[in-house]
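Residue-level listing of the chains:
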Amino acid sequence: MNFKQLVAKYVTGNLTTDQLPGIAYLAMVEGLDSPSLCILAGLEKNEDFYVIDRYFKLALKELDISIPDRR
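Cut-offs applied
- Residues numbered from 1 in each chain as written.
- Predicted model: local features only at pLDDT ≥ 70, side-chain atom pairs only at ≥ 80, totals over all residues.
- Heavy atoms only, no water.
- Helix = DSSP H or I, 4+ residues; strand = E, 2+ residues; numbered from the N terminus.
- Buried < 20%, exposed > 50% of the residue type's maximum accessible area, 1.4 Å probe, protein only.
- Contact = heavy atoms within 4.5 Å.
- Axes fitted to C-alpha atoms, helices over the stretch in contact; angles between N-to-C directions.
- Parallel < 35°, antiparallel > 145°, perpendicular 65-115°, else oblique.
- Left-handed = near helix turned anticlockwise from the far one by under 90°.
- Nonpolar A, V, L, I, M, F, W, Y, C, P; charged D, E, K, R; others polar.
- Core = buried A, V, L, I, M, F, W, Y, C linked by side-chain atoms within 4.5 Å.

Colleague: Explain the overall build of the protein to me, please; I cannot follow it from the model alone.
Modeller: Across its full length, the protein holds four helices and zero strands. Counting from the amino terminus, helix and strand elements in the protein follow one another as α-α-α-α. For the C-alpha atoms alone, the extent of the protein along its principal axes is close to 30 × 25 × 20 Å. Counting only residues that meet the buried cut, the protein has 35% of its 71 residues in that class. Summarising the internal contacts of the protein: among those between residues at least 6 apart in sequence, 50% fall at separations of at least 24.

Colleague: Is there a simple way to think about the packing of helix α1 (residues 3–11) against helix α2 (residues 20–29) in this case?
Modeller: Between two packed helices, the angle of one axis relative to the other and the distance separating the axes together describe the packing. At their nearest, the axes of α1 and α2 sit 9 Å apart, and the two run at 165° to each other. When the axes of α1 and α2 are compared, the pair comes out roughly antiparallel. Relative to α2, the crossing made by α1 is left-handed. Here Phe3, Leu6 and Tyr10 of α1 come into contact with α2, specifically with Leu20, Ile23, Leu26 and Ala27. Looking at the contact of α1 with α2 residue by residue, the classes come out as seven nonpolar, no polar and no charged.

Colleague: In this structure, what is going on with the environment of phenylalanine 56? I would like to understand it.
Modeller: Following the sequence through the fold, phenylalanine 56 ends up in helix α4 (residues 49–62). Here phenylalanine 56 falls in the buried class, since its relative accessible area comes to 3%. Measuring from C-alpha to C-alpha, the distance between phenylalanine 56 and valine 7 comes to 9.5 Å, with 49 residues separating the pair along the chain. Among residues more than four places away in sequence, those in contact with phenylalanine 56 are Val7, Tyr10, Leu20 and Leu40.

Colleague: Explanation requested: the nonpolar core in the structure shown.
Modeller: By size, the foremost hydrophobic cluster in this structure holds 20 residues, and its most contacted members are Phe3, Leu20, Leu37, Leu40 and Phe56. Residue assignment for this core shows that the elements contributing at least two residues are α1, α2, α3 (35–42) and α4.

Colleague: Teacher, can you tell me more about the packing of α2 against α3 here?
Modeller: Taken N-terminus to C-terminus, the directions of α2 and α3 make an angle of 130°; their axes are 7 Å apart at the nearest point. As far as their axial angle goes, α3 and α2 are oblique. α3 is crossed by α2, and the crossing has left-handed handedness. Of the residues in α3, those touching α2 at Leu20, Pro21, Ala24, Tyr25, Ala27 and Met28 are Leu37, Cys38, Leu40 and Ala41. Among the residues forming the contact of α2 with α3, the class breakdown is ten nonpolar, no polar and no charged.

This is a description of form; function is not addressed.
If you want it as structure tokens, here you go:
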């Protein structure tokens, strides 16, 4: 799966917040790059939910990727 597909799975509740750093790493392997994405990829799985979510949303904004709706 690519990064956008994994983002959609997260938004629909099929992935948990602690999986976002791994998803960010996969995005970097795909060639995507932004400061917040790098930080997110380096966060630990047990990091605070709000910190992970904040960097996730910042990374999407920096990459100009809109959050899909739940449909």
